[in-house]
Structures are given as structure tokens and as C-alpha cells.
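A look at the structure
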Amino acid sequence: MLEKFANIFRIPDLRKRVLFTLFILAIYRLGSHIPTPGVNTKLLEQFFSQNSGSSLGLIDMFSGGNLRRLTVFALGIMPYITAAIIFELLTVVYEPFARLQKEGDMGRKKITQWTRYMTVGLGVVQSFAIAMTLVHGSGSVPYVSDPGPGFVLMTVLTLTAGATFVMWLGEQITERGIGEGMSLLIFAGIVVGIPSGIQDLYQKAVTQAWGAFTIPALLILLFVMLVVVAFIVFVERSERRIPVQYAKRIVGRRLMGGQSTHLPLRVNAGGVMPVIFAASILSAPLLVQNMAIFKNSRFWAPIFASLNVGEPWYELLYCIAILFFAYFYISIIFRPDDIADNMRKYGGFIPGIRPGKRTADFVNDILT
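Conventions adopted
Residues numbered from 1 in each chain as written. Predicted model: local features only at pLDDT ≥ 70, side-chain atom pairs only at ≥ 80, totals over all residues. Heavy atoms only, no water. Helix = DSSP H or I, 4+ residues; strand = E, 2+ residues; numbered from the N terminus. Polar contact = N/O pair within 3.5 Å; in protein donor to acceptor, adjacent residues only side chain to side chain. Contact = heavy atoms within 4.5 Å. Core = buried A, V, L, I, M, F, W, Y, C linked by side-chain atoms within 4.5 Å. Buried < 20%, exposed > 50% of the residue type's maximum accessible area, 1.4 Å probe, protein only. Salt bridge = Lys/Arg side-chain N within 4 Å of Asp/Glu carboxyl O. Phe/Tyr/Trp six-rings, centres within 6.5 Å; stacked < 30°, edge-to-face > 60°. pLDDT = per-residue confidence, 0-100. Expected span 1.5 Å × (residues − 1). Pairing = 2+ DSSP bridges.

**Some thoughts on the side chain of Thr36**
Inspection of the secondary structure assignment puts Thr36 in the loop between helix H2 (12-31) and helix H3 (41-50). Separated by 3.4 Å, the side chain of Thr36 and the backbone oxygen of Thr71 make a polar contact. Ignoring anything within four residues of it in the chain, the contact list for Thr36 reads Leu70, Thr71, Val72, Thr155, Thr158 and Leu159.

**Digging into the nonpolar core**
In a soluble, globular protein the nonpolar side chains are often hidden away together inside. Membership of the largest hydrophobic core comes to 31 residues, with the highest contact counts inside it found for Tyr28, Ile77, Ile81, Leu185, Phe277 and Phe325. When contributions to this core are tallied by element, the ones reaching two or more residues are H2, helix H6 (78-93), helix H9 (149-176), helix H10 (181-191), helix H13 (273-282) and helix H16 (312-333). Looking at which element gives the most residues to this core, the answer is H16, with 7 residues. Not counting residues up to four positions away in its chain, the partners in contact with Ile81 are Ile186, Ile276, Phe277 and Ser280. Leu67, Met132, Phe151 and Leu159 belong to the second largest nonpolar core, which has 18 residues in total.

**Observations concerning the pattern of salt bridges**
Tallied over the full model, the rule gives 7 salt bridges. A salt bridge links Asp361 to Lys357; its shortest N-O distance comes to 3.0 Å. Of this pair, Asp361 and Lys357 both sit in helix H18 (residues 357-367), 4 residues apart, which is roughly one turn of the helix. A relative accessible area of 32% places Asp361 in the partly exposed class.

**A closer look at unusual backbone geometry**
At Leu70, a position not held by glycine, the phi torsion is positive, near 45 degrees. Note that Leu70 resides in the loop between helix H5 (66-69) and H6. In this structure Leu70 comes out as buried when scored by relative accessible area, which is 2%. You will see that Gln208, though not glycine, has its phi angle at about 55 degrees, which is positive. Examined against the element boundaries, Gln208 turns out to sit in the loop between helix H11 (194-207) and helix H12 (214-237). Accessibility expressed as a relative area gives 37% for Gln208, which makes it partly exposed.

**As for the packing of aromatic side chains**
The full count for this structure, using the stated rule, is 7 aromatic pairs. Between Tyr314 and Tyr318, the ring centres sit 5.6 Å apart and the planes meet at 20 degrees, which makes this aromatic pair stacked. Taken together, the residues Tyr314 and Tyr318, both in helix H16 and 4 residues apart, mark about one turn of the helix. When the centroid spacing of 6.4 Å and the interplanar angle of 75 degrees are considered together, the rings of Phe325 and Phe328 count as edge-to-face. You can see Phe325 and its partner Phe328 sitting in helix H16, 3 residues apart, about one turn around the helix. Neither Phe325 nor Phe328 differs from the other in exposure class; each is buried. A connected cluster of aromatic rings, assembled from ring pairs, spans Tyr28, Phe73, Phe165 and Trp168.

**Remarks on the side chain of Ser127**
Turning to its location among the elements, Ser127 is positioned in helix H8 (residues 105-137). For Ser127, the side chain forms a polar contact with the main-chain oxygen of Val124, separated by 3.0 Å. Other than its neighbours up to four places away in sequence, Ser127 contacts Leu75, Thr155, Val156, Leu159 and Thr160.

**Points about the confidence of the model for the protein**
Of all residues in the protein, 88% have pLDDT values of 70 or greater, and the mean over the chain is 82. Mean pLDDT per element in the protein: strand S2 (residues 249-251) is the minimum at 61, and H12 is the maximum at 92.

**Brief notes about H12**
With 24 residues, H12 ought to run about 34 Å at 1.5 Å a step, and its terminal C-alpha atoms sit 35 Å apart, in line with that. Every buried residue belonging to H12 is among Thr214, Ala217 and Leu218, and all of these are buried.

**What about the sheet that holds strand S1 (residues 239-246)?**
Reading across from one edge, S4-S1-S5 is the order of the 3 strands in this open sheet, with antiparallel pairing throughout. Two strands bound the open sheet, and with one partner strand each, they are strand S4 (260-266) and strand S5 (348-349). As defined by bridge partners, S1 adjoins S4 across 7 bridges and the pair is classed as antiparallel. Across the sheet, Pro243 pairs through a bridge with His262, a residue of S4.

Encoded structure:
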């Protein structure tokens, strides 16, 4: 591990990629401190603090606290993730998009371009909903200094431009940096709360917030945190290894193949993406539930109330959505038919399983 870390400074290309990634993350954090004009951020932060255990707190966590301060990056990457989900679904249920995806790089570039356009469109819709929520809420609580058409227009332009810029930052990290750009932006937004969390625990220890049980409670908390992180790493690194045998064949004057290897199938091939997809879908009602037309409705108000974090319907839909997107996401990134075709093309086979469709079915059954 230390040797891999030292390679960052030894290999010039890797060093440039790491520095570029850090530079982009610094820009992202800088934009997280530029507020949207015309908003009383102190009152807005108080509102989010009171609702930290609700769905708003979950969305604010993914945005790195940008939503509670309503910065120019308040929408974060949620519009892009939502657009990506929509197009991934279309590639499964809509044949023209499925053909585009099979065309290779050109088809994927077209889908990516349309995803960007939809990101801008979703940014407009979501920022308009946020602006209208602030305007309607400013009657009793002055969230907005001048609630008028000018504020709505400025908020839509500012937040949409911010969401588009965040999307561009994520793509730059993916192309020219290290790792998946969108995942790193989510990571940067979440870990930024670690220092304040450490300070809060320190204050509890100093003030003996829980009396004589304070120190044992903090030790138990730290132990549980370490166990949870270790378990997550264990599951992430776990894989099912399917033995694969390659037949011997003559290429020119050389004898190739005849080796035994394995096909690694990760236990959690989807990673954290199903959770992000599920949270993104279930966060949609939050953008409009505080608008007067829905808040005062006898039909919509109970529905939105049942979709808050902690409510039984929300938890049920959240679990179902995670399971659905886990199956769905893995079916997209891991195609058993392609694996079976590539194995047959290079003379590989799974012992006891016929090449072709039987191999694809066998791999699919294991994934399922």
C-alpha cells in the first residue's frame, strides 16, 4: 500500500492526474461557498438543521451541505444522476436506444450528449421548484429578501449553471483525473462533514454530555464505526471466482492457450450506485412538497408526508428501489452474453458448462 502511494510521486503521468483531480475538487469546494443572491442563508440553515433527520437532510448530505446554504452548486450532481438513470432505463425498454448503445463509442457519445441536455432541463425544473418553494415560504419566514420574478429567474439561471458546471467537473475528473468523477464529487461532499463531526464528539467528551457514560459511549461508537467500515471493505473486495479453462490452439508456429484462470464476479458489483439512484428518485417529491399547491392539498399532502425519511412507506420504497437498481445496474455493466461470446472467441470455457448460451445462462444465474 505504501509503495502504491509512493508511485504517485514517482510516475509523472499519475502525479499529474492526482494533482488535476485535487485541483478540480478544490474548485468544487470553492463553489460550495458562493451563495445564491437574494437568499437569507442563516434562516435557511436553521430550517435544514430542524429537518436534518428528514429526506431534506439526506439530499443535503449528498450535495455536501450546498443545499442548506443554497450555494451555486446546491443542485450538485443529482440532475445528472437522474438523467443518467432515465437514459439507462430507456436503453432497456426502448429499442432505438438499445441499438445506439450497441454501436460502440459513437452510440455512447450520443447517449452521453442527450444525458447532458436532459441534465440542463432537469436543472431548470428543480431550480424553479426550489425558487418557488422559497418564495411561497417567505410569507411567514423571510427566506428571500425580494420574492419576485427577478429572484425566480436569477435562481433558475444560477442553480442550473451550477449543476451544469458540476457535471462538467465530474466529466473532467473521469477523463483526465483518477477514478469516477461523479463518485469522487459525492465523496468530497460527504467527507467535508467529518471535521465538524469530530469536533462535535470532542465537545461531548469535554462537557460530559451523557454523564459518566460519555467516555464508554464514545469508545463504543468508535469501535462500531471501525467494524462497519471494515465490513464494508470486506464486502466490496469479496468476489465469486468462476474457473475458466482455455483450450490449446496453434497461432502461426506457436502453441497458445492451455491455461487455467478464473472469472471474478464481485459480490457488490454495483457498488454504491443503486443507493444513489434510489435516493435520487425518492428525493423528487421533496422539491415540490412545500409548494402551496401541494402543501395545502388534501390529496397530495398526506402522500408527501408518507414519503419522508423514517416513514414506513419511504423505507419500503427505498429498500425496493435499492434492490431494483442493484439488479438493473449490474445487468447494464455486466452482460453475460458478451462474456460468453468473448470466452468462446478465444477458446475459453467453464468446466462442465457448454460454451455459448449455456455459459451465459450459468453466469447470469450466479449473478442473480
